[in-house]
Amino acid sequence: MIILSIRNAQRRRIAAIGLILVGVITYYYIRLSAGGNMSSISRTVMMKISRKVGLEAESSEFTLGGEKFRILGGSVHYFRVPRAYWRDRMKKMKACGLNTLTTYVPWNLHEPERGRFDFKDQLDLEAFINLAADVGLWVILRPGPYICSEWDLGGLPSWLLRDKDMRLRTTYEGFTEAVDAYFDRLIPIVAPLQFKKGGPIIAFQVENEYGSYAMDEEYMPYMKKSLLSREIDELLMTSDNKEGFNQGGVEGALATINLQKLKPEHLNLLEATQPQKPKMVMEYWTGWFDSWGDLHHVFPTEDMAATVTEILKKHMSINLYMFHGGTNFGFMSGALEFGTYKPDVVSYDYDAPLSEAGDYTEKYHLLRNIFSQYHTEKLPLVPALSRKAVYETSIMYHYISMWEALQFTEEPFKSERPVNMENLPVNNGNGQSYGYTLYETTITSGGTLHSNNSVRDRALVFVDQHFIGILKSKTLELAVPEGKGDRKLSLLVENCGRVNYGKHLDDQRKGLVGDILLNNIPLKKFFIYSLDMKPSFIDRLSGKNWKLVPEKPTFPGFFQGRLFVDGYPRDTFVKLPGWTKGVVFINGQNLGRYWSIGPQQTLYLPGPWLNSGMNQIIVFEEQEAERKIQLVDTPDLGMAVDIE
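Given the structure is predicted, the values throughout are model-derived calculations rather than measurements. (Residues numbered from 1 in each chain as written. Predicted model: local features only at pLDDT ≥ 70, side-chain atom pairs only at ≥ 80, totals over all residues. Heavy atoms only, no water.)

Visitor: Which residues make up the overall build of the protein chain, and what values do they have?
Guide: The number of helices and strands found in the protein chain is 13 helices and 37 strands. Here the protein chain has a C-alpha radius of gyration of 26 Å; the compact-globule value for 644 residues is 26 Å, and the two agree. In terms of overall dimensions, the protein chain has C-alpha extents of about 90 × 55 × 40 Å along its principal axes. Taken across its 644 residues, the protein chain has 60% of its residues classed as buried. In the protein chain, of all internal contacts separated by at least 6 residues, the share reaching a separation of at least 24 is 80%. About 25300 Å² of surface is accessible on the protein chain, with carbon and sulfur atoms providing 51% of the total. On the protein chain, the mean spot of the 72 positive side-chain charges and the mean spot of the 76 negative ones are 3 Å from each other. (Helix = DSSP H or I, 4+ residues; strand = E, 2+ residues; numbered from the N terminus. Rg over C-alpha atoms; globule rule 2.2 N^0.38 Å. Buried < 20%, exposed > 50% of the residue type's maximum accessible area, 1.4 Å probe, protein only. Contact = heavy atoms within 4.5 Å. Areas by Shrake-Rupley, 256 points an atom, 1.4 Å probe, with all protein chains shown as cover. Lys, Arg positive; Asp, Glu negative; His and termini not counted. Charge placed at Lys NZ, Arg CZ, Asp CG, Glu CD.)

Visitor: Could you give me a rundown of the pattern of salt bridges, with the residues and numbers involved?
Guide: Applying the stated criterion across every chain yields a total of 31 salt bridges. Between Asp88 and Lys92 there is a salt bridge whose closest N-O contact spans 2.9 Å. Remark: Lys92 and Asp88 occur in helix H3 (residues 86–95); sequence separation between them is four residues, near one turn of the helix. Owing to a relative accessible area of 3%, Lys92 belongs among the buried residues under this scheme. In this structure, the salt-bridge partner of Asp294 is Lys342, at a minimum N-O distance of 2.8 Å. One end of the pair, Asp294, is in the loop between strand E11 (280–285) and strand E12 (296–298); the other, Lys342, is in strand E15 (residues 341–343), and 48 residues separate them in sequence. (Salt bridge = Lys/Arg side-chain N within 4 Å of Asp/Glu carboxyl O.)

Visitor: Break down the UniProt feature "domain: Beta-galactosidase galactose-binding" (unreviewed entry) in the protein chain for me, with residues and values.
Guide: In this structure's numbering, the residues bearing the UniProt feature "domain: Beta-galactosidase galactose-binding" (unreviewed entry) are residues 556–615. As annotated, residues 556–615 comprises 0% helix and 55% strand, and the C-alpha atoms at either end are separated by 23 Å. (UniProt positions renumbered as here; feature names shortened; annotations may be inferred.)

Visitor: Quick rundown of the packing of helix H6 (residues 173–190) against helix H7 (residues 219–228)? Include the residues and the values.
Guide: Packing of H6 against H7 brings their axes to within 10 Å, and their N-to-C directions diverge by 25°. If you check the angle between H6 and H7, you find them roughly parallel. As H6 packs across H7, the resulting crossing turns out to be right-handed. Seen from H6, the contacting residues are Phe175, Thr176, Val179, Asp180, Phe183 and Ile187; seen from H7, they are Tyr219, Tyr222, Met223, Ser226 and Leu227. Partitioned by chemical class, the residues of the contact of H6 with H7 number eight nonpolar, two polar and one charged. (Axes fitted to C-alpha atoms, helices over the stretch in contact; angles between N-to-C directions. Parallel < 35°, antiparallel > 145°, perpendicular 65-115°, else oblique. Left-handed = near helix turned anticlockwise from the far one by under 90°. Nonpolar A, V, L, I, M, F, W, Y, C, P; charged D, E, K, R; others polar.)

Visitor: Pulling in residues and values, what's your account of the domain arrangement of the protein chain?
Guide: Structurally, the protein chain comprises domain 1 (59–373), domain 2 (391–399 + 536–642) and domain 3 (417–524). If you average the C-alpha positions of domain 1 and of domain 2, the two centres end up 32 Å apart. Taken together, the contact pairs 25 residues of domain 1 with 25 residues of domain 2. Across the domain 1 to domain 2 interface the summed buried area is about 2200 Å²; carbon plus sulfur atoms make up 68%. Broken down residue by residue, the surface that domain 1 buries against domain 2 is led by Trp292, His296 and Phe331, which jointly contribute 29%. In this assembly, domain 1 and domain 2 are joined by zero salt bridges. Looking at which element gives the most residues to the side of domain 1 that touches domain 2, the answer is E12, with three residues. Its residues assigned to classes, the side of domain 1 that touches domain 2 comprises 12 nonpolar, eight polar and five charged. (Domains from an automatic or database assignment. Buried area = accessible area lost by both parts, 1.4 Å probe.)

Visitor: Which residues make up the sheet that holds strand E4 (residues 67–69), and what values do they have?
Guide: Taken in spatial order, the three strands make up an open sheet running E2-E3-E4, and their pairing is antiparallel. On the outer flanks of this sheet lie strand E2 (55–56) and E4, each paired with one strand and no other. Pairing of strand E3 (residues 62–64) with E4, which is carried by three bridges, proceeds in the antiparallel orientation. Each residue of the ladder has a partner; that of Leu64, found in E4, is Glu67. (Pairing = 2+ DSSP bridges.)

Visitor: How would you sum up the pairing of strand E35 (residues 613–621)? Please name residues and give values.
Guide: Counting buried positions along E35 gives eight out of nine residues, so the element sits mostly inside the fold. Two elements, strand E30 (residues 557–565) and E35, share nine bridges in a ladder whose sense is antiparallel. Note that in E35 the partner of Gly561 across the bridge is Ile617. Here five bridges tie strand E32 (residues 581–586) to E35, and the two strands are oriented antiparallel to one another.

Visitor: Describe in detail unusual backbone geometry, supporting the description with residues and values.
Guide: Residue Gly144 is joined to Pro145 through a cis peptide bond whose omega torsion reads 20°. Within the fold, Pro145 resides in the loop between strand E7 (138–142) and H6. Its identity is not glycine, yet Leu153 carries a phi of approximately 55°, on the positive side. On the accessibility criterion, Leu153 (0% relative accessible area) is buried.

Visitor: Break down the packing of aromatic side chains for me, citing the residues and quoting the values.
Guide: Following the criterion strictly, the structure yields 36 aromatic pairs and no others. Relative to Trp595, the ring of Trp292 has its centre 6.0 Å away and its plane inclined at 55°; by these criteria the two rings are tilted. Separated by 303 residues along the polypeptide, Trp292 in the loop between E11 and E12 and Trp595 in strand E33 (residues 589–595) bring together distant segments of the chain. Owing to a relative accessible area of 8%, Trp292 belongs among the buried residues under this scheme. One aromatic cluster is present, built from ring pairs that chain together Trp107, Trp159, Phe175, Tyr182, Phe183, Tyr210, Tyr213, Tyr219 and Tyr222. (Phe/Tyr/Trp six-rings, centres within 6.5 Å; stacked < 30°, edge-to-face > 60°.)

Visitor: Account for the nonpolar core, naming residues and giving values.
Guide: With 160 residues, the main nonpolar core has Leu168, Tyr284, Val308, Phe371 and Phe558 as its most contacted residues. In terms of residues, this core owes the most to one element, H6, which gives eight residues. In this view, Tyr284 contacts Leu259, Gln260, Phe299, Asp303, Met304, Thr307, Val308, Ile311, Ile318, Asn319, Leu320 and Tyr321; residues no more than four positions away in its chain are not counted. Core analysis: the second largest hydrophobic core is formed by 22 residues, Tyr439, Ile443, Leu449 and Val455 among them. (Core = buried A, V, L, I, M, F, W, Y, C linked by side-chain atoms within 4.5 Å.)

Visitor: Which residues make up the environment of Ile71, and what are the values?
Guide: Relative to the elements of secondary structure, Ile71 occurs in the loop between E4 and strand E5 (72–76). A relative accessible area of 0% means that Ile71 is categorised as buried. Here the alpha-carbon distance between Ile71 and Ile201, two residues 130 residues apart in the chain, equals 13 Å. Once residues within four sequence positions are removed from consideration, Ile71 is found in contact with Leu55, Phe62, Asn99, Thr100, Ile140, Met237, Met280, Ser317 and Ile318.

Below you can see the structure in the form of structure tokens.
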């Protein structure tokens, strides 16, 4: 159970400075005494190291190329960081004293439709791995297929859920056939980049935290075989928290553990399971993620430093999760559901050593001092930071209501009863993955509208395009006013993010997943519109049928403005005071959702996504708009509370 307390900033800062001083003194002492298990890596060393044997775990210490080696790792996810910044984030990792980069691989981005694969541009995994080698970092690859990571459905593609009998993360044939087809495309890309073939990949993780799911005892052996049969020849690992540790392993893979505070039971688990093997914390949680409606979680710097120091003193290897969190751009944030459904925010800052926008934190500088003690060479210089920009407030001059914008969607699907998002006949038979779905039917009376617990996750309800209320997980009933004749009932249902962790992955279909009742009678004869807001929809919407913003615009609606950038575009943050809930698009790029309930109050806008000169801004707002947005140079992730 996580206990939170309001942060005492002054106390934390003083303690952090004290720890930095202690770290510096300790560093010079160790250097003078030439003690400790040193671990150093440079591009030259990577070129010269023997490739006959890879990373091995045959004793209490790792060896790489036959030499003792300690993994000092950090997680950076290529899919959360603009490609233009990949090298910058890696150089900052290297300068912090880390020698290994770890990354997940998100299946739902690489195969958005069954059989259509994407490994280009922002998703060029091969380029990302080669860049790590160029910077002088080894790589541990975590290819899934399930990744958790506060990512929609844990990285699994939503089209899997079109199968009503689907059993995710099991040896159910419908799942394994899809995994095999995916791995047949993914693994040939990364196999040539293995250590023993001259590449930087020193290990692969088999699945991810399976002990917390554990629905099929044959599944982990299947996943291990899926890698080995495709010529993966490096060390295999598994990764689990304390609760799932005993059920998440597989014979032939080194078990590692995930934690935030090191306790004796963690060490006992590792020693009892695999005595005289290297001990590794695969996920040392440097912070935590945030959910809408909560506060912004932070992990005290001095607590983090103390645990990292303790782990290293016990001769363990470590991977910082996260070293740099980045951003869940678009609609890719996941959710948790342990009694209450809680969708995650867009920012994946994670209170990590490197901020969402790539800036240094107190944690970064303290960790650099700690890790420098485990190197024989001087660490690289810390790269310079890029300056953030304040831009002129952008006025929203143009507007089109959502009802008018429906003409730019595909033709509505007619159905006697509601159809969930994933089973709609759109996107080449793959259903709708993200965004909103509009369900419309005719009613002839008022009364009580009951969701029948069929709304996933949040529905704005309208009668003849007039808003009457919201249905969601804890609001199951709504009064429909009486009226004359036939009237149109509309439910705009948002997928706020599929659950990414726990035992309910099979239940993550979105939209209307069952009947909606009016006066206890199921409604029928629906027209269903897919409003996934993909780039193709935004392109069709741009410049078409827009008009000046009226004095009293109808909601939901799209608002359009311009942002002028004079000179070289720099990172900035979008702030929307006076707006309620919606989505922001800049030059067609989906920055993600905003929601006035917080904690997150700004959206990160990377400079490489801006043009020098004029830029287009489109905001989809559900309920209330201020008609202008601010572009500021500092993020606002909300009121902070400590994780204790």
